[in-house]
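# Per-entry structural report
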Amino acid sequence: MNGDRSPEQIEPADGKLGVLLVGLGAVSTTFIAGVEATRRGRAKPFGSLTQMQTIRLGRRTDARAPLLKDFLPLAGLDQIVFGAWDPIPDNAFASAKVAGVLRPEDIDPLEDFMSGIEPMSAAFDKAYVKKLDGPNVKRGASKRELAEQIREDIRGFREKNGCDRLVMIWAASTEIFMRPTDAHASLEAFERAMESNDAAIAPSMLYAWAALQEGVPFANGAPNLTLDIPALLDLAAENEVPIGGKDFKTGQTLMKTIVAPGLKARMLGLRGWFSTNILGNRDGEVLDDPESFKTKEESKLGALEYILQPDMYPELYGNMYHKVRINYYPPRGDNKEGWDNIDIFGWMGYDMQLKIDFLCRDSILAAPIVLDLALFLDLAQRAGLSGIQEWLSFYFKAPLVGRGLYPEHDIFIQHWKLKNTLRWLMGEQQITHLGVEYYD
Ligand SMILES: NC(=O)c1ccc[n+]([C@@H]2O[C@H](COP(=O)([O-])OP(=O)(O)OC[C@H]3O[C@@H](n4cnc5c(N)ncnc54)[C@H](O)[C@@H]3O)[C@@H](O)[C@H]2O)c1
């Protein structure tokens, strides 16, 4: 796959990039604050590949390892402008204060900037997020009308802010669990269902439909069905828009997809993996509702199955018991604690245990993912890529994949895929790590 792409095929990253955030809660405000603090030289963008990671090019002896941001024609942080929708009318500064993720000494100096970011009215319906309400909502006779209003918001934002390009990221609450139905099977059926206010059309789908109709790349940071339906996958392909999803890979699932590939690589067996979390932010409250939790649970459970391949290794992983719990516990706020008890076995079946207690900060882990997805989706669009961007699986708990494929969950394979895709885009040699040439 070498030589069939070149950097000249990528449009330059000139002008302003608008990052449209659905939901202006803990993740979005922590992301915005971090970008602005970095721009002002007050913080470092730790956790972001686009800002901090290098990429090896050519042979190991070539000593070529530029930063990704120097290697790729990415938009710079100074080119980003922010927009958002939320049913709660708080501006980004007030919302960040409520979220309580950042310390006053980090957030207060940004008040002038953050308080200028006001959420546009949301396409919101309490039926899909039971534990939330807010007055800043769109009104319309049909879901189609609401979606058309989102399209107008997109165009208005682009014009008002003089944006050359836009990307949209769902960082709003987790909606109730939904399965694909006939209403999702084709674009025609989907649009008819929007007009008839069919319950199969969730608010997140209205944003995704509006973005794709406007040619705006879309990433889904929550486990909602949203894009993962034929109607919207077809629309992304037809309109040549890159998309990614679902559910930002942070916290416990991040650890799971780091540890499980290691155990499997060494052929250590698993009897069970019990994961429990306590968290007390608004996300935790929404997930306290069984219907939203079900959506999250499905997303969290898939990773181990795919990594361990129990069908191929029935003796090692065939009887593994996997359980995930999320418990809303207000005193912890955004500072989640995730416990894992992992019962493993080795040589001759002897039992061992591994305990992980991750005292993490959800939004601190999610914010750099939002930044990387925004910059990489913009790059993908300028490079002429469209539809599901599997190389962005690295960032998701439940990666979207093409029909007939299974998702890749192993974080090391995902990382390799991401970097090889970037090398390929830039006309550089793929790296196989074979390495025999050094010993010839
Ligand atoms: N922080 C993490 O580590 C992490 C990881 C994976 C996924 N997520 C997901 O990201 C999302 C955001 O997390 P958070 O901690 O910022 O939650 P949050 O509750 O602080 O913010 C979500 C915001 O979305 C708004 N919202 C709800 N429905 C909306 C709609 N239809 N339109 C516009 N806005 C809407 C809410 O009013 C709220 O302000 C959640 O779905 C969460 O599950 C977070």
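Now for a quick tour of the structure. (Residues numbered from 1 in each chain as written. Predicted model: local features only at pLDDT ≥ 70, side-chain atom pairs only at ≥ 80, totals over all residues. Heavy atoms only, no water.)

This part is about the side chain of Gln51. When you line up the elements, Gln51 lands in helix 2 (residues 49-52). You can call Gln51 buried: its relative accessible area is 11%. Here the side chain of Gln51 touches Thr50 through a polar contact of 3.0 Å, side chain to side chain. Ignoring any residue separated from it by four or fewer positions in sequence, one finds Gln51 in contact with Pro45, Lys69, Leu77, Leu371 and Leu375. (Helix = DSSP H or I, 4+ residues; strand = E, 2+ residues; numbered from the N terminus. Buried < 20%, exposed > 50% of the residue type's maximum accessible area, 1.4 Å probe, protein only. Polar contact = N/O pair within 3.5 Å; in protein donor to acceptor, adjacent residues only side chain to side chain. Contact = heavy atoms within 4.5 Å.)

This next bit is on the packing of aromatic side chains. The final tally for this structure, using the stated rule, is nine aromatic pairs. Here Phe82 and Phe113 contribute two aromatic rings whose centre-to-centre distance is 6.2 Å and whose plane-to-plane angle is 80°, an arrangement assigned as edge-to-face. One end of the pair, Phe82, is in strand 2 (residues 80-85); the other, Phe113, is in helix 6 (residues 111-114), and 31 residues separate them in sequence. Overall, Phe82 belongs to the buried group, its relative accessible area being 9%. (Phe/Tyr/Trp six-rings, centres within 6.5 Å; stacked < 30°, edge-to-face > 60°.)

On to the site of the ligand, then. What surrounds the ligand is a group of 32 residues, the closest being Val27, Asp86, Ala172, Thr250 and Arg282. Note that an oxygen atom of the ligand is positioned 2.7 Å from one of the backbone N or O atoms of Ala172. Within the side chain of Thr250, an N or O atom sits 2.6 Å from an oxygen atom of the ligand. Protein contacts shield 99% of the accessible area of the ligand, which totals 840 Å² for the unbound molecule. Breaking the shell around the ligand down by element, the ones donating at least two residues are helix 1 (26-39), helix 9 (203-213), helix 12 (282-287) and helix 15 (362-382). In terms of residues, the shell around the ligand owes the most to one element, helix 15, which gives three residues. Residues of the shell around the ligand, tallied by class, amount to 18 nonpolar, seven polar and seven charged. (Near = heavy atom within 4 Å. Areas by Shrake-Rupley, 256 points an atom, 1.4 Å probe, with all protein chains shown as cover. Nonpolar A, V, L, I, M, F, W, Y, C, P; charged D, E, K, R; others polar.)

What follows concerns the sheet that holds strand 4 (residues 218-220). Read across the open sheet, the six strands follow the order 2-1-3-4-5-10; overall the sheet is parallel. Here the strands that pair on one side only, and so sit at the sheet edges, are strand 2 and strand 10 (387-388). Where strand 4 and strand 5 (residues 242-244) come together, two bridges link them in parallel fashion. Across the sheet, Ala219 pairs through a bridge with Gly244, a residue of strand 5. In the packing of helix 7 (residues 143-161) onto the sheet, contacts are made with strand 1 (16-22), strand 2 and strand 3 (163-170), and the angle to strand 3 comes to roughly 140°. Taken strand by strand, helix 15 contacts strand 1, strand 2, strand 3, strand 4 and strand 5, and its axis lies near 130° from that of strand 3. (Pairing = 2+ DSSP bridges. Axes fitted to C-alpha atoms, helices over the stretch in contact; angles between N-to-C directions.)

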